Amino acid sequence: FTHHHRQRAGLQPGEPDAEPPRLRPRRWPEERDRSEGEAIIRVSTSHPVDDKLTRRRVPEPLVELDISLEQTQEDAFSSGAEMEPVAEEFKAALDHIADRFPGVKKIHVFASVQPGVALLLGTRISPTMHPPVQTYQFQRTDDPPHHAAILINGPPPIEEPPLTEED
């Protein structure tokens, strides 16, 4: 179930006859490039993700893909079924990068989405098919405003040896 942003209460599924939010048509590059590099995926459902700000974190991406609604709004979705097309489009973006840009070593994901959408996006990342995926937390008052959050499919953290009595 989804949570209303301002009311801090559960959202009821949308009206049966209401049209769910629609995704903008894809505008992804069709060329193939084996160069090594990094990629950006921006997912905008709650608010638009600013491409200039994302490039401050990843200045020279090999490829940039955008997934967005025709009309962003904080509480765009009221059911999991409405969120599913965004998650499927995200998986298509990951697959597109893996297929057409095999030299990409890391995908940076900048998302302005409801928590339920974020969880669904995470379920579409394959440990065997996709390179490491770095997610970001947005903090409006910071410069730059994006901070690395969760790294998925990355190398395991280095285990520190246990402290000794002397330490």
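The structure this text deals with has already been given above.
The rules behind each value
- Residue numbering note: each chain is counted from 1, following its sequence as written.
- Only residues with pLDDT of 70 or above have their local features reported here, since the model is predicted, and side-chain atom pairs are shown and tallied only from 80 upward, although totals for entire chains, interfaces and linings are computed over all residues.
- Remark: hydrogens and water are excluded; side-chain values derive from all non-hydrogen atoms of the structure.
- For the purposes of this entry, the term helix denotes a DSSP run of H or I that reaches at least four residues, the term strand denotes a run of E that reaches at least two, and both are numbered from the N terminus.
- Under the scheme applied here, a residue whose accessible area is under 20% of the maximum for its type counts as buried, over 50% as exposed, and between as partly exposed, the area being computed with a 1.4 Å probe on protein chains only.

Here the bond from D143 into P144 is cis, since omega is 0°, no more than 30 degrees from zero. Locating P144 in the fold gives a position in the loop between β4 (133–138) and β5 (146–152). Backbone geometry at N153 places phi at a positive 70°, although glycine is not the residue there. For N153, the location among the structural elements is in the segment after β5. Under the relative-accessibility criterion, N153 is labelled partly exposed at 27%.

What follows deals with the environment of R27. Residue position: R27 is located in the segment before β1 (37–44). For R27, a relative accessible area of 74% gives the class exposed. Between the C-alpha atom of R27 and that of D66, which follows or precedes it by 39 residues, the distance is 7.7 Å.

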